[in-house]
Amino acid sequence: MKIRYRLIARGNRRHAFYCVDSLTGKRTSLGTSERDAAEQIVLARNQSLRQPSLNLRIARAYLAGSDSGVATRTWAMALEALIQTKKGSTHDRWVRAGRDQALADLLPRIIMETRAEDGGAQ
């Protein structure tokens, strides 16, 4: 299998690393000036193409390590946290939106276990 992503250090910006997609030719900044970190990011991108289900489990493990509640957080909890940041009429609109029947099936679901296909209109 041909490697899709490769690492480059751009011309006069030797401390700026980029990832080049060999399929599209698109170049994106990796946001780091450390070669080791840049190599790990590119390696992760290439591995994600080879083993997507394993990468999902690895991502969940990383998230659980940084936030212990991520495995149990529901959309209702996220909506409630969002509503708490609003005031006045904006707060009231968000409360009404939270009661909308269109969200009824989504709110009890755990965020990390939700797929794009789960929340769409039927």
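Here, the structure is the one placed above.
What you see is a predicted model; the values in this text were computed from it and never measured.

Let us now look at the overall build of the protein. Looking only at helices and strands, one finds 4 helices and 3 strands in the protein. The buried share of the protein, taken over its 122 residues, is 17%. Residue pairs at least 24 apart in sequence account for 36% of intrachain contacts in the protein once pairs closer than 6 positions are excluded. Looking at the protein as shown, the accessible area adds up to about 9,200 Å², and 53% of this sits on carbon and sulfur atoms. Within the protein, the 12 negative side-chain charges are centred at a point lying 10 Å from the centre of the 21 positive side-chain charges.

Turning next to the pattern of salt bridges. Pairing between side chains becomes possible if they bear opposite charge and their charged atoms approach one another. In this structure the tally under the stated criterion is 3 salt bridges. Its salt-bridge partner being Asp21, residue Arg4 comes within 2.8 Å of it at the nearest N-O pair. Of this pair, Arg4 sits in the segment before β1 (5-9) while Asp21 sits in strand β2 (residues 17-21), placing them 17 residues apart in sequence. Between Asp67 and Arg73 there is a salt bridge, and its shortest N-O distance comes to 2.9 Å.

With that out of the way, let us pick up the sheet that holds β1. Read from one edge of the open sheet, 3 strands run β1-β2-β3, paired in antiparallel fashion. At either margin of the open sheet sits one strand with a lone partner, and together these are β1 and β3 (27-29). Here the average twist between neighbouring strands, direction ignored, is 30°. Across 3 bridges, β2 lies against β3 in antiparallel orientation. Bridge pairing in β3 links Val20 to Arg27. With respect to the sheet, helix α1 (residues 35-50) is in contact with β1, β2 and β3, its orientation differing from that of β1 by roughly 160°.

The subject of this paragraph is the environment of Asp92. The residue Asp92 is located in helix α4 (residues 88-98) in this model. Linking Asp92 and Met77, residues 15 residues apart in sequence, is a C-alpha distance of 17 Å.

Take the side chain of Asp21 next. You can call Asp21 buried: its relative accessible area is 8%. Within the local environment of Asp21, its side chain forms a polar contact with the backbone nitrogen of Leu23, the two atoms lying 2.8 Å apart. Among all residues touching Asp21, those that are not within four sequence positions of it are Arg4, Tyr5 and Lys26.

Turning our attention to the side chain of Thr32. Turning to its location among the elements, Thr32 is positioned in the loop between β3 and α1. Polar contacts involving the side chain of Thr32 include one to the main-chain amide nitrogen of Glu34, which spans 3.1 Å.

With 16 residues, α1 extends 23 Å from end C-alpha to end C-alpha; this agrees with the ideal 22 Å at 1.5 Å per step. If you check which residues of α1 are buried, you get Ala38, Val42 and Asn46. The buried residues of α1 all sit within an arc of 70° when viewed along its axis, so they share a single face. Turning to α1, the residues buried within the fold contact β1 and β2.

About the thresholds
- Residues numbered from 1 in each chain as written.
- Predicted model: local features only at pLDDT ≥ 70, side-chain atom pairs only at ≥ 80, totals over all residues.
- Heavy atoms only, no water.
- Helix = DSSP H or I, 4+ residues; strand = E, 2+ residues; numbered from the N terminus.
- Buried < 20%, exposed > 50% of the residue type's maximum accessible area, 1.4 Å probe, protein only.
- Contact = heavy atoms within 4.5 Å.
- Areas by Shrake-Rupley, 256 points an atom, 1.4 Å probe, with all protein chains shown as cover.
- Lys, Arg positive; Asp, Glu negative; His and termini not counted.
- Charge placed at Lys NZ, Arg CZ, Asp CG, Glu CD.
- Salt bridge = Lys/Arg side-chain N within 4 Å of Asp/Glu carboxyl O.
- Pairing = 2+ DSSP bridges.
- Axes fitted to C-alpha atoms, helices over the stretch in contact; angles between N-to-C directions.
- Polar contact = N/O pair within 3.5 Å; in protein donor to acceptor, adjacent residues only side chain to side chain.
- Expected span 1.5 Å × (residues − 1).
- Arc of directions from axis to C-beta.

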